[in-house]
Amino acid sequence: MKIKKLLLAAAAVLMLCAPAALADDITVEVNGVKINSDVPAMVLNDRTVVPVRAISEALNCDIAWDGDTKGVNIYRDNTLYMMWIDKPTAFKLSPASIEDWYDMDMPPVVINDRTLLPLRALGELLGASVSWDQASLTASVTLNADMTEENSGYAEQLMNYEKLMFGMYDAYDAYVRGEARVKNVIITMRDGREIELELYPDIAPESVANFEKLANEGFYDGLIFHRVIDGFMIQGGGFNESGTQQPAETITGEFISNGYPNFIKHERGVVSMARAEDPNSASSQFFIVQEDSPHLNGSYAAFGKVISGMYIIDDIASAQTDASDRPVENIVIESIAVY
């Protein structure tokens, strides 16, 4: 993977700071077959590092390099793995959401125009088993890699995902670590019960700003949860008690199928914007997911989640409804406060 030569200087510094075992001393085997590369495995900072391309291809993964972002795409089995030079977090993505992340104690480095990564980190990221035999200096990687699967070309085709994630790296790094900047919300129901949310302005800024604006204007006061489906979600923020819809301006749909890098999964408790068929038709209505709904991932703008009061969501979802999924008895929002 060729990149700008200025990175070679940084790699040289790393080599000087941590003694490296002779490359010829270390053997790497993938599913019992020895791996050969023009930049073999070596030891840096007490970690056995290996060329990412050689190991990935031996595991039947497709791989591509982005010289602009210094990022690596690895694709296998409808799953995309992303990492970047000098960044410690790698992401595992399905077509529309972050499925997992991996915190590398040593991020990828470049040596002799090749990207190297600690073998254990790469193996665990891809779901492989990694073992080390000190006597023979042999690292073994085992993965049930179906060699009949055709992966070629997908990593390059999905570089747009990598570029989007690179632009949002800091936001998603904080999100997966539970350190995201948040806006706190209290939804007070007419019966006095409170639902607490946190919103993610660094991931879905327009959705969060719109929700906050409407809440501060008192728009939601007295509106109802007008559509509830037990085992799926509850939806509100658009109709008053008489069933009249309250008009609001539409906003841009912040989700990946609309070209925006929102990879939040629609898991239990996630708050997302409701919309019509037009991807940019969301306005004031929002829904709260009661049960995991992966079919919504990538097509609706998730922008927050419930942090307290899920039992209230469950209670609302169990309400008796009519043929249009509207509760027979109004379930009224007294107020929404964002702080």
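Under an unreviewed UniProt entry, the name given to the protein is peptidylprolyl isomerase, and the source organism is Candidatus Ornithomonoglobus intestinigallinarum. UniProt, in its Function (unreviewed entry) section for the protein, records the words "PPIases accelerate the folding of proteins. It catalyzes the cis-trans isomerization of proline imidic peptide bonds in oligopeptides."

K.L.:
Explain the pairing of strand β20 (residues 302-308) to me, and be specific about the residues and the numbers.
P.N.:
Relative to β20, strand β15 (residues 194-199) runs antiparallel, the two sharing 4 bridges. For Leu197, the partnering residue across the bridge sits in β20 and is Val306.

K.L.:
Explain the nonpolar core residue by residue, including any values.
P.N.:
Counting 36 residues, the largest nonpolar core has Ile187, Phe211, Tyr220, Phe225, Phe286, Phe303 and Ile336 as its most contacted members. At 5 residues, the largest contribution of residues to this core is made by helix α8 (residues 310-317). The contact partners of Phe303, leaving out residues within four places of it in the chain, are Glu198, Leu199, Tyr200, Ala204, Ser207, Val208, Phe211, Val271, Ser272, Met273 and Phe286. If you look at the next biggest cluster of nonpolar residues, it comprises 33 residues, including Ile35, Ala90, Leu117 and Val141.

K.L.:
Pulling in residues and values, what's your account of the confidence of the model for the protein?
P.N.:
Summary statistics for the protein give a mean pLDDT of 90 and a share of 91% for residues scoring 70 or more. Low pLDDT, under 50, characterises residues 1-23; the predicted model gives this stretch 36 contacts beyond four residues in sequence or across chains.

K.L.:
With reference to specific residues and values, describe the pattern of salt bridges.
P.N.:
Going through the model one piece at a time under the given rule, you end up with 18 salt bridges. One salt bridge connects Arg177 with Asp173, and the closest N-O pair in it is separated by 2.8 Å. Residue Arg268 pairs with Glu291 through a salt bridge whose shortest N-O separation is 3.8 Å. Here Arg268 is found in the loop between β17 (233-236) and β18 (270-273), whereas its partner Glu291 is found in the loop between β19 (286-289) and β20, with 23 residues between them in sequence. According to the relative accessible area criterion, Arg268 is partly exposed, its value standing at 37%. A relative accessible area of 36% places Glu291 in the partly exposed class.

K.L.:
I'd like a rundown of the sheet that holds β18, residues and numbers included.
P.N.:
In space, the 8 strands of this open sheet follow the order β16-β17-β19-β18-β20-β15-β14-β21, with antiparallel pairing throughout. Looking along the sheet, the strands with just one partner apiece sit at the ends: β16 (225-229) and β21 (333-338). Neighbour to neighbour, the strand axes of the sheet diverge by 25° on average, direction disregarded. The pairing of β18 with β19 spans 3 bridges and is antiparallel. Within β19, the residue paired with Ser272 across the bridge is Phe287.

Analysis parameters
Counting restarts for each chain: residues are numbered from 1 in the order of the written sequence. Reporting in this predicted model follows two pLDDT cut-offs: at least 70 for local features of residues, and 80 or more for side-chain atom pairs to be given and counted; totals over whole chains, interfaces and linings ignore these cut-offs and use all residues. Hydrogens are left out, water is left out, and the side-chain values use all remaining heavy atoms of the structure. UniProt positions are given in the numbering used here, feature names are shortened, and annotations may be inferred rather than shown by experiment. By definition, two strands form a pair when at least two bridges between them are found by DSSP. What counts as a helix is a DSSP run of H or I of at least four residues, what counts as a strand is a run of E of at least two, and both are numbered from the N terminus. Put simply, buried Ala, Val, Leu, Ile, Met, Phe, Trp, Tyr and Cys residues joined by side-chain atoms within 4.5 Å make one nonpolar core. Residue burial is assigned from relative accessible area. The probe radius is 1.4 Å, only protein chains are included, and a residue is buried under 20% of its type maximum, exposed over 50%, and partly exposed in between. In this description, contact between two residues means that some pair of their heavy atoms is separated by no more than 4.5 Å. In predicted models, pLDDT denotes the confidence assigned by the predictor to each residue on a 0 to 100 scale. For salt bridges, the criterion is a side-chain nitrogen of Lys or Arg within 4 Å of an Asp or Glu carboxyl oxygen. Fitting a line to C-alpha atoms yields each axis, with helices limited to the stretch in contact; the angle taken between N-to-C directions then spans 0 to 180 degrees.

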